[in-house]
Amino acid sequence: MNPATPAERQDAAPSYLGGETTVASWLGTLDHKRIALLYLFTITAFFVVGAVAAALMRWQLAVPTADLVTSDTYNRLFTLHGVVMVWFFLIPSIPAVLGNFILPLAIGARDVAFPRLNLASWYIFVAGGLVTLYAIVVGGVDTGWTFYTPYSSTYSNGHVMVMAAGIFVAGFSSIATGLNFIVTVHKLRAPGLTWFRLPLFVWAIYATSIIMVLATPVLAITLLLMGLERVLGVGIFDPRIGGDPLLFQHLFWFYSHPAVYIMILPGMGVVSEIITCFSRKRIFGYPVMAVSILSIAGLGFLVWGHHMFVSSQSVYAGVVFSFLSFMVSVPSAIKVFNWIATMYRGSITLSTPLLYVLGFLALFTIGGLTGVFLATLAVDVHLHDTYFVIAHFHYIMVGGGVMAYLGGVHYWWPKISGRMFPEGIAAFAAVTIFVGFNLTFFPQYLLGYLGMPRRYMTYPAEFHTLNVISTLGALVLAVGYVLPLVYLTWSFFRGAPAGPNPWGATGLEWQTSSPPPEENFRETPVVTGPPYDYPPL
Amino acid sequence: MNAQGPPFRPLYGTYAALIVLLAMTASATALPAGWWSTPLGLAVAVAKASLIFVFFMRLRSQVPLVRIFALVGFFFLAVMLILTLADYFTRLLPV
Amino acid sequence: MNGPSTPSLPAAYGDFRQRDLANHLGMWAFIATEVLFFGGLFLAYVVYRITYPAAFAAGSHTLDFWRGTINTAVLLTSSLTMALGDAYIKRGNRTALRNCVIATASLGVLFLAIKASEYHEMYAKHLVPGLPFDPQAPSPLQLFVFLYFAMTGLHAVHMLIGLGLMAWLLRQNRRGRLTAAHHAPVEMFGLYWHFVDCVWVFLYPLLYLIPQR
């Protein structure tokens, strides 16, 4: 009787979901796949918190002079919404969930470079989140998620320090994750997997990680300086001793502009994976796509002053930042063209992931174009701090980022859970989200153009109709978001079992079972060709 | 105790150079100040930091990728300084 | 076969050289984050020194040149002792490593003691932000003093963390966990310590050596 070969022993190995199933084994796991699910659970909870705040805001805004909440409470609501959605949902979403789960699989590795650091990053994230939740519960902050001085450092009577501390801590989670991914991509690629054979999702995660590592520390020092000024009663942003409040804005936006690329680049990576799979075609212009990803990351560090055009920043600096902002739109546009060219003459399957991608293409393009409007100095003078800006960034972050996130979750759901989701209801939810999103946010472009300012809870009666449409749209959007929560949870336990590669996709993650065993692969895969190697149609 | 380790002499040599540079800048304060004072101080600081990076932190024997990682932070810090100063230097220019 | 000094390889790595390079890349990436973290303070310093040159020169004059210079020498020496410790453990010499780490830590403590005495002197001169400030000082001088405390304070926090890590290193060494084959913790900590030294190398001329015209 021959002893079982190593491969046969692995066949009997349980999936990462099996094996040890105690709570302790999950909370102490070093397995990147389990850590990804810990993040999934946590950020979903935060999404609900941020969404409730948004719902209250839209409810308030359904009537021009409603008094559902006081204006002080309204200020705290939009601050909560921004803080939670940016730092505790969007920034971790694709990197910490899909990046953690898929990245090692996609490069043929058994785990990330520093598994203990990975687990630590989740605990740090939770710690920051709990501190922020505490700040919210004891009354919140009314400065807006941007914490501009001198209001935040001197005049606000909200719990600025506590909330800033929570964000400060969460930032280290971001840094740890990014650092881990960078080293993972450099050192743990499977044999034969050269840089220009990497799937674009990996390129996107890599570029995002560079931003996370280099930009987040500046946020940390900025919050620290603001906090010091608040505690000591004096600081470097204080005009009374010759300080410049604008210095805070420079420091804050040096991080926060690249942060928006943290929120969109991973989504672009997901889009490339889904669009090639469901067009059954290689990506159009692979090298250009990879270089565009890096360009967006790099150029994204040079444009932060476009948030400060009307702040009393020098007009000449404004001209420079405006020009650089035009430039950063170019690689994004190139990517949109290349995605469309990928679909051209492809064999299209309108699966749910592709529905999300189609929505992304439409909404990201609109959001991106309106970004160019805002980058135009003279136009921004009129549009700054209006609902036009709000519509612009929601089109990109929600219409782009969240749709890409949901598309990715659906695309990789069979791999993560070993089950298929119900296609009918999933497609319905995707369409509902698309419709609801446009109803909510397109009117806001018009409102902004017509002059309705942001961060106000009442408005002139002439804006009533558009606000009502927006609020009803939000209701539809909410339904769309609740549906996946329900059916994905259901499918995790009762969905039809999925095979290793239900979509017939290329990519190393599909070369192992669904769900994968703890060590990912029976034997380390060897790569011999380019990505997206679909047979010619 | 028979494994190979990095040589000791460069470490002592680097230290001596660092102390000499420190003595230079410290004693330069006794001279009357001029336009050169600040650039000199910064140049010496850069020299000291470079010695520490190359010899104490052993960048001299690392692969190029590690050296890129070592320098990339400074590159982006420079971006932050230059573009921010672009604002401060041009604020009072006539529009 | 496996003793306390035999390092193990996490599942993802093929060999120790790969793991070693990964450690270096990770540590240098962390150092890059520190460059940007301190960098925000350096940006503030540059902006305000350019805007208020006289106040900054006056501010520099309130600092103790000798304590600053001695402290610089202390830190540079501590970098030497740490680099020596790294060289010794790579030769398997645990005793020499212990002595070097103790020397490094002692110099670190000396630095912090001198720093504390400097802070006390500032306090005596009513030059502490947040406490009643010297009413005869021009307003922008407060900016310099704030940055002085913020930059050296943040640096001191990093030194304290370094002291804690050195205590941990000594404990690891006592338990025989540091060897010629498994010296990564020493090497990685060394990188951290040298970087903290580099930060001071820049703080010194910027804070203490502003030319007095």
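Residues numbered from 1 in each chain as written. Chains lettered and ligands numbered in written order. Predicted model: local features only at pLDDT ≥ 70, side-chain atom pairs only at ≥ 80, totals over all residues.

This paragraph deals with the overall build of chain B. Counting its regular elements, chain B contains three helices and zero strands. For chain B, the α and β elements follow one another from N to C terminus as α-α-α. On C-alpha atoms alone, chain B measures out to a radius of gyration of 19 Å, which is more than a quarter above the 12 Å that the 2.2 N^0.38 rule sets for 95 residues. (Helix = DSSP H or I, 4+ residues; strand = E, 2+ residues; numbered from the N terminus. Rg over C-alpha atoms; globule rule 2.2 N^0.38 Å.)

This part is about the overall build of chain C. A count of helices and strands for chain C gives six helices and zero strands. The linear arrangement of helices and strands in chain C, starting from the amino end, is α-α-α-α-α-α. By principal-axis analysis of the C-alpha atoms, chain C measures approximately 70 × 30 × 30 Å. Among the 213 residues that make up chain C, the fraction classed as buried is 47%. (Buried ≥ 20, exposed ≤ 12 C-beta atoms within 10 Å, placed from the backbone.)

As a further point, take unusual backbone geometry. Residues and elements named next belong to chain A. Here the amide bond leading from T149 into P150 is cis, since omega sits at -5°, within 30 degrees of zero. In this structure, P150 sits in the loop between helix 5 (115-137) and helix 6 (151-155). The omega angle of the peptide bond from S514 to P515 is -10°, so this bond is cis rather than trans. Position of P515 relative to the elements: it lies in the segment after helix 16 (464-494). Here F147, not a glycine, exhibits a phi torsion of approximately 50°, which is positive. Along the polypeptide, F147 turns up in the loop between helix 5 and helix 6. In this structure F147 comes out as buried when scored by C-beta crowding, with 25 C-beta atoms within 10 Å. For R345, which is not glycine, the phi torsion reads 60° and is therefore positive. Structurally, R345 is set in the loop between helix 11 (315-343) and helix 12 (352-375). Accessibility expressed as a C-beta count within 10 Å gives 10 for R345, which makes it exposed.

Before going further, it helps to spend a moment on the interface of chain B and chain C. Contacts between the two partners involve 38 residues from chain B, matched on the other side by 40 residues from chain C. Sorting the residues of the side of chain B that touches chain C by element identifies helix 1 (9-28), helix 2 (37-56) and helix 3 (64-90) of chain B as the ones contributing at least two each. The element that contributes the greatest number of residues to the side of chain B that touches chain C is helix 3 of chain B, accounting for 13 residues. For the side of chain B that touches chain C, the per-class residue count stands at 28 nonpolar, nine polar and one charged. (Contact = placed C-beta atoms within 7 Å. Nonpolar A, V, L, I, M, F, W, Y, C, P; charged D, E, K, R; others polar.)

This part takes up helix 1 of chain B. Between the first and last C-alpha of helix 1 of chain B there are 29 Å, a value that for 20 residues agrees with the 28 Å anticipated at 1.5 Å per step. Considering only its buried residues, helix 1 of chain B is in contact with helix 2 of chain B together with helix 3 (65-90) and helix 6 (184-208) of chain C. (Expected span 1.5 Å × (residues − 1).)

What follows covers the nonpolar core. Of all hydrophobic cores here, the largest spans 272 residues; its most connected members are V202, L265 and I293 of chain A together with A29 and L147 of chain C. For this core, the domains that each give at least three residues are domain 1 (1-61) and domain 2 (63-95) of chain B. The contacts of I293 of chain A, once residues within four sequence positions are left out, are W203, A204, A207, L265 and M268 of chain A. (Core = buried A, V, L, I, M, F, W, Y, C linked by C-beta atoms within 7 Å. Domains from an automatic or database assignment.)

This paragraph deals with the environment of G85 of chain C. All names here are of chain C. Among the secondary structure elements, G85 is positioned in helix 3. By C-beta crowding, G85 is classed as buried, having 30 other C-beta atoms within 10 Å. Taking the C-alpha atoms as reference points, G85 and I102, 17 residues apart in sequence, are found 9.8 Å from one another. Once residues lying within four places of it in the same chain are set aside, the contact partners of G85 are L97, C100, V101, T104 and V186.

Of the residues lining the interface, 32 residues belong to chain A; the matching set on chain C comes to 31 residues. The set of elements that each furnish at least two residues to the side of chain A that touches chain C consists of helix 7 (160-187), helix 8 (200-232) and helix 9 (245-279) of chain A. Per-element tally for the side of chain A that touches chain C: the top contributor is helix 8 of chain A, with nine residues. Here the residues of the side of chain A that touches chain C sort into 22 nonpolar, six polar and four charged.

The domain boundaries assigned to chain B delineate domain 1 (1-61) and domain 2 (63-95). Distance from the C-alpha centre of domain 1 of chain B to the C-alpha centre of domain 2 of chain B: 24 Å.

On to the packing of helix 7 of chain A against helix 8 of chain A. Residues and elements named next belong to chain A. Contact pair helix 7 / helix 8: the axes reach a minimum separation of 8 Å and the direction vectors enclose 155°. Between helix 7 and helix 8, the angle falls in the class roughly antiparallel. Like other packed secondary-structure pairs, helix 7 and helix 8 cross with a definite hand, here left-handed. Here the contact of helix 7 with helix 8 is built from residues that sort into 23 nonpolar, seven polar and one charged. (Axes fitted to C-alpha atoms, helices over the stretch in contact; angles between N-to-C directions. Parallel < 35°, antiparallel > 145°, perpendicular 65-115°, else oblique. Left-handed = near helix turned anticlockwise from the far one by under 90°.)

A few words on helix 2 of chain B. For helix 2 of chain B, spanning 20 residues, the distance from its first C-alpha to its last is 27 Å, which sits close to the expected 28 Å at 1.5 Å a residue. Every buried residue of helix 2 of chain B is accounted for by S37, G41, V44, A45, K48, A49, L51, I52, F53, F55 and F56 of chain B. Taken together, the buried residues of helix 2 of chain B touch helix 1 and helix 3 of chain B together with helix 3 and helix 6 of chain C. Directly after helix 2 of chain B, the chain includes R58 of chain B, whose backbone phi takes a positive value near 60°.

On the secondary structure map, A103 of chain C appears in helix 4 (residues 94-124). Put simply, A103 of chain C and S78 of chain C are 25 residues apart on the chain and 7.2 Å apart in space, counted from C-alpha to C-alpha.

Our focus in this paragraph is the packing of helix 8 of chain A against helix 10 (residues 286-299) of chain A. Residue and element names in this part refer to chain A. Where helix 8 meets helix 10, the closest approach of the two axes is 9 Å, and the angle between their N-to-C directions is 15°. Relative to helix 10, helix 8 is oriented roughly parallel. Both helix 8 and helix 10 take part in a crossing whose hand is right-handed. Between helix 8 and helix 10, the residues in contact are L200, W203, A204, A207, I210 and I211 and M289, A290, I293, L294 and A297, respectively. Among the residues making up the contact of helix 8 with helix 10, the classes are represented as eleven nonpolar, no polar and no charged.

This part is about the environment of G68 of chain C. The topology assignment puts G68 of chain C in helix 3. Excluding its chain neighbours within four sequence positions, the residues that come into contact with G68 of chain C are L63, Y204 and Y208 of chain C.

For chain C, per-residue confidence averages 93 on the pLDDT scale, and residues scoring 70 or more make up 96% of the total. Interface confidence for the predicted complex, given as ipTM, is 0.94, next to a pTM of 0.95. (pLDDT = per-residue confidence, 0-100.)

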